[in-house]
Amino acid sequence: MKNLLYLPFAFLINNALKLRFSYINKVFNAEKKKRVIRWTLLLPGSGCAWAKNSAGCHMCGFKVKIDQVNRGKPASITKLMTIFQLGKSLTRGSSPYSLSIYNGGSFFNEEEIPLQVQEEICREVERSSSIEQLIVESRPEFVTDDRIELLTSLLKRKKLRVAIGLEAVSDYVREVCINKGFSTDDYERAVEILKKNAAELSTYVFLKPIYLSEQESIEEAVRTTRYALSLGSNEILLESAFIQQGTKMEKLYREGEFQPPWLWSTIEVVRRTSHLGPVYIGGFEDEPPPIAIPHNCEVCSPRLMRSFRDYNESLDVSLLHNGYCACKTEWEREVGYHSLDSLVTEVESPIFQPVPILLST
Ligand code: SF4
Ligand SMILES: [Zn+2]
């Protein structure tokens, strides 16, 4: 009941951000093999440094959103901690297992999230009776030995998990088709630092950057997923391209030069990689809201989107076997595959190995 006291303030923040800044939901935890309660907090830092100092990644619309929220001014320590405390007050009675913080950039970059806020949040998590895991996002250049050592020491026995947007294993694709601005070596260096400090790693893999064909983008996503899991990534977050305003991807889409991927392509990547480790399918809701999302035909798209949700709640790949639809033949023609059925053999083959969780040792 106490939460009711905070509702007017929460309403004001939601209104200012034009989105729900804090919420609780249940997610499937691959290590625990059951659903756990997650608290998600959107913390409006001053926005991604890479997006500010360059044109940003070709598909990312965060810059537009952060500019709307902050109007170019960096967020103060007081404002960020007030938002944190308000979000926390709204979780009372829920006992979340994990806290995921999204700041539309890199949590470890002090120009985006002041160091004092990073430290205070770690202390809060350490003191929490229920939260066991803090999940934040960062570009690899901000994953430094000093910072990870400091924050993991504040967290004590609680786990730090860092999500890095590798997107593509090929430096060429990451540079030219995504404009990501870091190399595979940078990613590997960050992975080593996380391992050294017993922190965990999530890796974003991007399906269908601009300039790649449907088939090339599937192959790149499969290669990238295999690579990240082989380095010890605890999970893969497979993001399929959707169109946000103010991006290079939007420009090409409006010129008829780019289309979001088929849902069959997402399934293809998952079916070829999910036996190697936890691969989650990213949703298509974001800020600013997409103007076009991945799809098949009107008949099977709703069914497959539902199967994605079901799959994410168990990581049971058999839930993606959703029968046939006439549009699959069109997809097969475009990507040059004869049938998805051949891939089932690969998924069920003896190459199945449990994922080595290197980072938690
Ligand atoms: S995808 Fe990440 S790194 Fe790229 S511009 Fe967006 S927030 Fe920045
Ligand atoms: Zn269809």
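Now for a description of the structure that goes with this document. (Residues numbered from 1 in each chain as written. Chains lettered and ligands numbered in written order. Predicted model: local features only at pLDDT ≥ 70, side-chain atom pairs only at ≥ 80, totals over all residues.)

## Some points on the overall build of the chain
Thinking step 1. Check the secondary structure of the chain and you find 14 helices and eight strands.
Thinking step 2. For the chain, the proportion of its 361 residues judged to be buried stands at 42%.
Thinking step 3. Taking contacts inside the chain between residues at least 6 apart in sequence as the whole, the part at least 24 apart equals 79%. (Helix = DSSP H or I, 4+ residues; strand = E, 2+ residues; numbered from the N terminus. Buried ≥ 20, exposed ≤ 12 C-beta atoms within 10 Å, placed from the backbone. Contact = placed C-beta atoms within 7 Å.)

## A few points about the site of ligand 1
Thinking step 1. Residues in close proximity to ligand 1 include Cys 48, Trp 50, Ala 51, Gly 56, Cys 57, Cys 60, Phe 62, Gly 104, Gly 105, Arg 139 and Gly 165, which together make up its full environment.
Thinking step 2. Here the shell around ligand 1 is built from residues that sort into six nonpolar, four polar and one charged. (Near = placed C-beta within 6 Å. Nonpolar A, V, L, I, M, F, W, Y, C, P; charged D, E, K, R; others polar.)

## Regarding unusual backbone geometry
Peptide bonds are mostly trans, and most non-glycine residues show a negative phi.
Thinking step 1. Non-glycine residue Asn 179 carries a positive phi angle of around 65 degrees.
Thinking step 2. Tracing the sequence through the fold places Asn 179 in the loop between α7 (171–178) and α8 (184–196).
Thinking step 3. Assessed through the 18 C-beta atoms surrounding it within 10 Å, Asn 179 is described here as partly exposed.
Thinking step 4. One non-glycine residue, Leu 315, lies in positive phi territory at about 60 degrees.
Thinking step 5. Locating Leu 315 in the fold gives a position in the loop between α12 (301–312) and α13 (327–335).
Thinking step 6. By C-beta crowding, Leu 315 is classed as partly exposed, having 19 other C-beta atoms within 10 Å.

## Concerning the sheet that holds strand β3 (residues 98–102)
Thinking step 1. One open sheet holds the eight strands; their spatial order is β1-β2-β3-β4-β5-β6-β7-β8, and the pairing between them is mixed. Two strands bound the open sheet, and with one partner strand each, they are β1 (22–29) and β8 (279–281). Mean inter-strand twist for the sheet, computed between neighbouring axes without regard to direction, equals 25 degrees.
Thinking step 2. Strand direction decides the pairing type here: β1 and strand β2 (residues 34–42), joined by eight bridges, are antiparallel. Across the sheet, residue Val 27 finds its bridge partner in β2, namely Val 36.
Thinking step 3. Here α8 sits on the sheet and contacts β5 (159–167) and β6 (200–207); the angle it forms with β5, its principal contact strand, is near 170 degrees. (Pairing = 2+ DSSP bridges. Axes fitted to C-alpha atoms, helices over the stretch in contact; angles between N-to-C directions.)

## Regarding the packing of helix α4 (residues 77–90) against helix α5 (residues 115–127)
Thinking step 1. Put simply, α4 and α5 touch, their axes get as near as 9 Å, and they point 25 degrees apart. In terms of their interaxial angle, α4 and α5 are classed as roughly parallel. As α4 runs across α5, the sense of the crossing is right-handed. From α4, Ile 77, Leu 80, Met 81 and Phe 84 reach across to α5, where they touch Gln 116, Val 117, Glu 120 and Ile 121.
Thinking step 2. Classifying every residue of the contact of α4 with α5 by side-chain character gives six nonpolar, one polar and one charged. (Parallel < 35°, antiparallel > 145°, perpendicular 65-115°, else oblique. Left-handed = near helix turned anticlockwise from the far one by under 90°.)

## Points about α4
The periodicity of an α-helix, 3.6 residues per turn, causes residues three or four positions apart to be oriented the same way.
Thinking step 1. The terminal C-alpha atoms of α4 lie 20 Å apart, and with 14 residues this matches the ideal 20 Å at 1.5 Å per residue to within 8%.
Thinking step 2. Along α4, the positions that sit buried rather than exposed are Leu 80, Ile 83, Gly 87 and Leu 90. The buried residues of α4 occupy an angular sector of 90 degrees when projected down its axis, which confines them to one face. (Expected span 1.5 Å × (residues − 1). Arc of directions from axis to C-beta.)

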